[in-house]
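# Structural characterization, general
Chain residues, written in single-letter form:
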Amino acid sequence: MAERSPATRRMLWLALSLVFAFLYIPIAVLVALSFNQGGLPTVWSGFSLKWYASLAGNSAILSAALNTLIVALVSTAIATLLGTLLAIGVEMRRQYGRGLEALIFAPMIIPDIVLAIALLSFFSMLDFTLGLHTIILAHVVFNLAFVCSVVRARLKSFDWSIVEASADLGASALTTFRRVTLPVILPAVVAGALLAFTLSVDEFIIAFFTSGAGRASTTLPMQIYSMIRFGITPEINALATIVMAVSITALTLSQRLNRGVIGQ
Amino acid sequence: MTQPSRSSLLMVPALAWLTALMVVPCALVLALAFFRRGIYGGIEYTFTLENFGLVFDPLYAGIFLNSARIAGTATLIAVVIGYAAAYAIAAAPRRWQPVFLFFAVLPFWSNYLIRTYAWIVLLNREGLITQLLRWLGYTGEPPSMLYTEGAVIAGLVYNYLPFVILACYAPLSRLNPELAEASRDLGASAMTTFRRVILPLTVPGIAAGAVFVFVLSIGNFVTPALLGGGRFQMIGNLVYDQFLTANDWPFGAALAMALIAIMLLVLTAQALAADRASGRIAEAKGRVNG
C-alpha cells in the first residue's frame, strides 16, 4: 500500500500489538501458571514442575490420553484414505453439482452439537454399543472432509494431462497413481492427515455424545472438560500446556508441508 | 473404464461414509422432531407438530433471541478487531506479513476447551484481572466477570478472531494500491478513501469472516457452558439438556433443526450477496473496459 504518515504507521503498529496481546496473554498466563508451585490454580507462588510430575502419576488422565491417541490415529488413517480418494475423484470430473459440493462441505460447518445428537440418536436406534469405535466412526465424518479440502486445494493446479500421458505409455491406473499422482499430492495428504489428527485430538462434544457412559472410553478433552467443570486443580494447567504444545507442533508441521493452503 | 465412472468409484467409500454417518443420522433427527415424547422419556411414534410449536414458545424463543444477540455481538466485535488487525498486517512490510499472519492464526490451532479455560483463569475472582486491579490500588470486592454474558462474548471473540483476520486479510492484501492513490489524487480524504474505495472492495472478506463467527457462535455449546452463568444461555446448551438431562429427544431434535435452519438462512443470504457483489464488480469492469 501507499506510503503513510508516521502517525498512521504508529497507529497501525499499536493496533497490531494490542491484537497480539489479546491473542497471547490468556495462553501465556496459562502456561506460566502450569509451572506454579502453589496449590491455587490462578495465583503465582514460585517455580515448580510438580504439576507435570503429578500428571504422570494420574491414571485417569493417562488412560484418557491413550484413548485419545487410539481414536485420533485410527480415525485419521481412515479419513486420510477416504478423503484423498474423494478429492481425486471430485477434481478428476472437473464439473460437479452444488449438491455434491454441499455434502462435502457440510461436515465442516454443521454445529458439533447437532452432529453429536444425530449420531447418538442413530447409534441408539441401531442398538449399537457405544465406545471408542463409535467415536472413531464419528470423527472420520469431519476428518475426511478436512483432508479432502486440503488435497483438493493441491489438485487445483494439477495437470491432469500427465495422468493421461502415463496411461498412454502403458502404465496401469495403480502405477499411475503411485508414480505420478501421489508424489504431487503427498505433501497435501500428509498436511491433511496432521490437520485431521489435531482436530480429532481436540474434539470434545461429538466424542462426549458417542462415547457412552463409563470411564473406559473417556477421551482427553472429555477429561479436561470434567476437570474444568468439577474442581479446577493446577494439574489442568500442566495438561493444557502439553496438549497445546502437541497440537501447535502438529499444525505448524502441517502448515509448512502445505505452504499457504490455509492462508488462501 | 471412462473417466467419470472411475472418478465415481473413487468417491464411493467417502460418500457412503458421509451418507451413513451424517446424512442418515441428520434425517433421523429431522424425523424425530415430528414425534411425541413418551411418558417415561422414550419416543412415541405418533406424528405431531408440537415440538416445533414449542420452539416458538416465548421461553424458548427467548433463548433463540438471546443466542442470536450474543452471537451477533461477538461477530460485530470480532469483525471490528479482526479487520483492524488484518489492515495493519496488510500495511506491514511484505516480508513480515506471512509471519504476522501465522502468529495471528496460531492460537486458533490449540484446543478450543483450553482456550476457553484460559479465560476462566483470567476472569475468576482471584484471576489476573482482579490481581491487576489490586496492584493498581483497588481494595473493594473483586468484580464478578466470570459467568456473565460478557464472559461468553469475550470467549467467542477470542476463539474465532483468527478466522476473521484471515478472511479480511485476503482481499486487503490483494487491493491495488493505485486505487487508494487515485482516490487521494482526486481529492478524497483518507477517511473518504477508506469508506468509498477500500471498504467496499473488502466487503466479501468481512462477510465471510462474519458469517463464520456468527454460525459457529450461535451453535456453540462449550463457551456458554464454561463461561456463561445460566443453565440455558444459548441454543446449544438447550439441545444438550434435552438429550442428556431432560430426556426429551423429539424437542431436542426440533431445536437442532431450528438451529440448522438459521444457519442455512445466514449462509444462503451470504451466497446471494456474494453473487450480487461479484455481478456488480463484473459489470463495473465491463463499463471500464467497454
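On a predicted model such as this, the values are computed, not experimentally measured, just so you know. (Residues numbered from 1 in each chain as written. Chains lettered and ligands numbered in written order. Predicted model: local features only at pLDDT ≥ 70, side-chain atom pairs only at ≥ 80, totals over all residues.)

## So, the overall build of chain B
On a plain count of helices and strands, chain B comes out with twelve helices and two strands. Element order for chain B, N to C, with α for helix and β for strand: α-β-β-α-α-α-α-α-α-α-α-α-α-α. In terms of its C-alpha atoms, chain B occupies a principal-axis envelope of roughly 75 × 75 × 40 Å. Counting only residues that meet the buried cut, chain B has 41% of its 290 residues in that class. Of the contacts made within chain B by residues no fewer than 6 positions apart, 70% connect residues no fewer than 24 positions apart. (Helix = DSSP H or I, 4+ residues; strand = E, 2+ residues; numbered from the N terminus. Buried ≥ 20, exposed ≤ 12 C-beta atoms within 10 Å, placed from the backbone. Contact = placed C-beta atoms within 7 Å.)

## With respect to the UniProt feature "transmembrane region" (unreviewed entry) in chain A
The UniProt entry lists residues 12-35, 55-88, 100-124, 130-151, 184-210 and 230-253 of chain A under the feature "transmembrane region" (unreviewed entry), expressed in the numbering used here. The annotated region residues 184-210 of chain A carries 93% helix and 0% strand content, and the separation between its end C-alpha atoms amounts to 37 Å. (UniProt positions renumbered as here; feature names shortened; annotations may be inferred.)

## Some points on the interface of chain B and chain A
On the chain A side, the residues contacting the 66 residues of chain B number 61 residues. Looking at which element gives the most residues to the side of chain B that touches chain A, the answer is helix α1 (residues 3-32) of chain B, with 18 residues. Grouping the constituent residues of the side of chain B that touches chain A by class yields 54 nonpolar, ten polar and two charged. (Nonpolar A, V, L, I, M, F, W, Y, C, P; charged D, E, K, R; others polar.)

## Observations concerning helix α10 (residues 220-229) of chain A
The set of residues buried in α10(A) consists of L220(A), P221(A), M222(A), Q223(A), I224(A) and Y225(A). Buried-residue contacts for α10(A) involve α3 (59-93), α8 (173-202), α9 (205-210) and α11 (235-257) of chain A together with α5 (112-123) of chain B. Positioned one or two residues after α10(A), G231(A) has a phi angle of 95°, which is positive.

## Focus on the environment of A91(B)
The residue A91(B) is located in helix α3 (residues 58-91) in this model. Linking A91(B) and L132(B), residues 41 residues apart in sequence, is a C-alpha distance of 33 Å.

## Regarding the environment of G252(B)
With respect to the secondary-structure elements, G252(B) resides in helix α12 (residues 249-289). Taking the C-alpha atoms as reference points, G252(B) and T130(B), separated by 122 residues in sequence, lie 39 Å from one another. In contact with G252(B), not counting residues within four places along its chain, are I117(A), V239(B), Q242(B) and F243(B).

## Here we look at the environment of Y225(A)
By secondary structure assignment, the location of Y225(A) is in helix α10. A sequence separation of 24 residues divides Y225(A) from T249(A), and the C-alpha atoms of the two residues are 22 Å apart. Look past the residues within four positions of Y225(A) in its chain and what remains in contact with it is F204(A) and L113(B).

## A few points about the nonpolar core
It is characteristic of soluble globular proteins that their nonpolar side chains tend to be buried jointly. If you look at the biggest cluster of nonpolar residues, it comprises 158 residues, and the most contacted ones within it are L86(A), I117(A), L119(A), L144(A), A86(B) and L255(B). With 16 residues, helix α7 (residues 149-174) of chain B is the largest single contributor of residues to this core. Not counting residues within four places of it along the chain, the set of residues in contact with L119(A) comprises A138(A), I206(A), F209(A), T210(A), L21(B) and P25(B). (Core = buried A, V, L, I, M, F, W, Y, C linked by C-beta atoms within 7 Å.)

## Here we look at the packing of helix α7 (residues 161-168) of chain A against α8(A)
Residues and elements named next belong to chain A. At a minimum axis separation of 10 Å, α7 and α8 run at an interaxial angle of 145°. In this structure, α7 meets α8 at a crossing whose hand is right-handed. Contact with α7, carried on its side by I162, V163, S166 and A167, involves T176, V180 and T181 of α8 and no other residues of that element. By residue class, the composition of the contact of α7 with α8 is four nonpolar, three polar and no charged. (Axes fitted to C-alpha atoms, helices over the stretch in contact; angles between N-to-C directions. Left-handed = near helix turned anticlockwise from the far one by under 90°.)

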